[in-house]
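If you want the building blocks of each chain, they are given just below.
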Amino acid sequence: MEDFDQLLREMEAFAEKQHVPIIWESGRQAFIDAVDEAKPHRILEIGTAIGYSALLMLAHAAEDAEITTLELSPERYEQAKAYIARSPYAGRVHQLLGDAGELLTQLDGPYDLVFIDAAKGQYPDYLHKVLPLLAPDAVILADNVLFRGYVRGGIQAPRRFRTIVKRLRAYIDEVEHLPGAETEILEHGDGLAMTRFRRNNL
Ligand code: SAH
Ligand code: MG
């Protein structure tokens, strides 16, 4: 088995060269800490890209953890498959190719951790579809919720990003008002929304 850290470094270099938007380096530790805290067994990821965050999550999840990860691009799906095959976690990743909006309606929960990181304008839709799939103490992480600084504060987003920004604001507003859950917006990286459900000890 090749060295796992070396594999991650190779993936980081590939992502940088090919402009694959893997989780920003500045937000990586906060992301890892969130997974460490949740110690999930069943993970759902929306937006595989090359499999970088999926592998990072498995490295910090429960020892028996499995992940189902959704990706629209056949090219990314194949790249992820090749990288995952070289990792110690190959047997525990279930990759699905297709539009997450559709795939989500075909999944069976419960999931302990959901990582939302695909089409930024679809976060509210993903959220609605994910809610029925959650374990009682689930955690939802959503990446890029501060989208280059346009979501909060006074900077007007360029026209092409306005729908995304509006939908990300709607996502944040919705998770902040979910009954039985608490949300923190971590400002590391491109913004990570962390929603923890506490249905058991309410
Ligand atoms: N989670 C990865 C990065 C994901 S980048 C990491 O941090 O390592 C976002 C990915 O979402 C891209 O690969 C893109 O192809 C995918 N995507 C975009 N729209 C999608 C959709 N509708 N359904 C599924 N995947 C989608
Ligand atoms: Mg992201």
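As the structure is a prediction and not an experimental result, all values here were calculated from the model.

Student: Account for the nonpolar core, naming residues and giving values.
Tutor: Ranked by size, the top nonpolar core spans 37 residues in total, and within it M11, F31, I50, Y52, L55, M57 and L141 carry the most contacts. Only α1 (4-18), α2 (25-38), α3 (52-60), α4 (74-85), β4 (111-116), β5 (134-143) and β7 (192-197) provide two or more residues apiece to this core. Beyond its immediate stretch of four places on either side in the chain, L141 contacts F31, A34, V35, L113, V114, F115, I116, L192, A193 and M194. Membership of the second largest hydrophobic core comes to 36 residues, among which are L107, Y111, L134 and A157.

Student: Quick rundown of the layout of surface pockets? Include the residues and the values.
Tutor: Reported here for the largest pocket is a volume of approximately 370 Å³. Forming the walls of the largest pocket are 20 residues, and the residues nearest its centre are P21, I22, D117, K120 and N144.

Student: I'd love a proper account of the coordination of the magnesium ion (ligand 2), names of residues and values included.
Tutor: Of the protein atoms, only D117 (OD), D143 (OD) and N144 (OD1) coordinate the magnesium ion (ligand 2), at distances of 2.1 to 2.2 Å. All donor residues of the magnesium ion (ligand 2) come from one chain, and their arrangement in sequence is D-x25-D-N. Among the residues examined, N144 registers a relative accessible area of 9% and is labelled buried.

Student: With reference to specific residues and values, describe α2.
Tutor: Its 14 residues give α2 an end-to-end C-alpha distance of 21 Å, which sits within 8% of 20 Å, the value for a rise of 1.5 Å per residue. Three or more residues of α2 are buried, namely G27, R28, A30, F31, I32, A34 and V35.

Student: Go over the pairing of strand β1 (residues 42-46), please, and point to the residues and values.
Tutor: Most of β1 is tucked away: four of the five residues are buried. Note: β1 against strand β2 (residues 66-71), five bridges, orientation parallel. Looking at β2, one finds that L44 is bridged to T68. Between the parallel pair β1 and β2, the chain is carried across by α3, and the sense of this crossover is right-handed.

Student: An account of unusual backbone geometry is needed here, citing residue identities and associated values.
Tutor: Going from G109 to P110, the amide bond is cis rather than trans, its omega being -5°. By the secondary structure assignment, P110 is in the loop between α5 (100-103) and β4. Backbone geometry at H19 places phi at a positive 55°, although glycine is not the residue there. If you trace the backbone, H19 turns up in the loop between α1 and α2. Given a relative accessible area of 69%, H19 falls into the exposed group.

Student: Break down empty space enclosed by the protein for me, citing the residues and quoting the values.
Tutor: Considering all chains together, one arrives at one cavity of 30 Å³ or more under this definition. Approximately 40 Å³ is the volume found for the largest cavity. For the lining of the largest cavity, the residue count by class is three nonpolar, four polar and two charged.

Calculation rules
Residues numbered from 1 in each chain as written. Chains lettered and ligands numbered in written order. Predicted model: local features only at pLDDT ≥ 70, side-chain atom pairs only at ≥ 80, totals over all residues. Heavy atoms only, no water. Core = buried A, V, L, I, M, F, W, Y, C linked by side-chain atoms within 4.5 Å. Buried < 20%, exposed > 50% of the residue type's maximum accessible area, 1.4 Å probe, protein only. Helix = DSSP H or I, 4+ residues; strand = E, 2+ residues; numbered from the N terminus. Contact = heavy atoms within 4.5 Å. 1 Å grid on protein atoms, 1.4 Å probe; cavity = no way out; pocket = protein on both sides within 12 Å on 5 of 7 lines; lining within 4 Å. Points joined across faces, edges and corners; volume = space filled by probe spheres on them. Donors = N, O, S within 2.8 Å, 3.2 Å for Na, K, Ca; no water. Expected span 1.5 Å × (residues − 1). Pairing = 2+ DSSP bridges. Right-handed = clockwise from strand over helix to strand, strands pointing away. Nonpolar A, V, L, I, M, F, W, Y, C, P; charged D, E, K, R; others polar.

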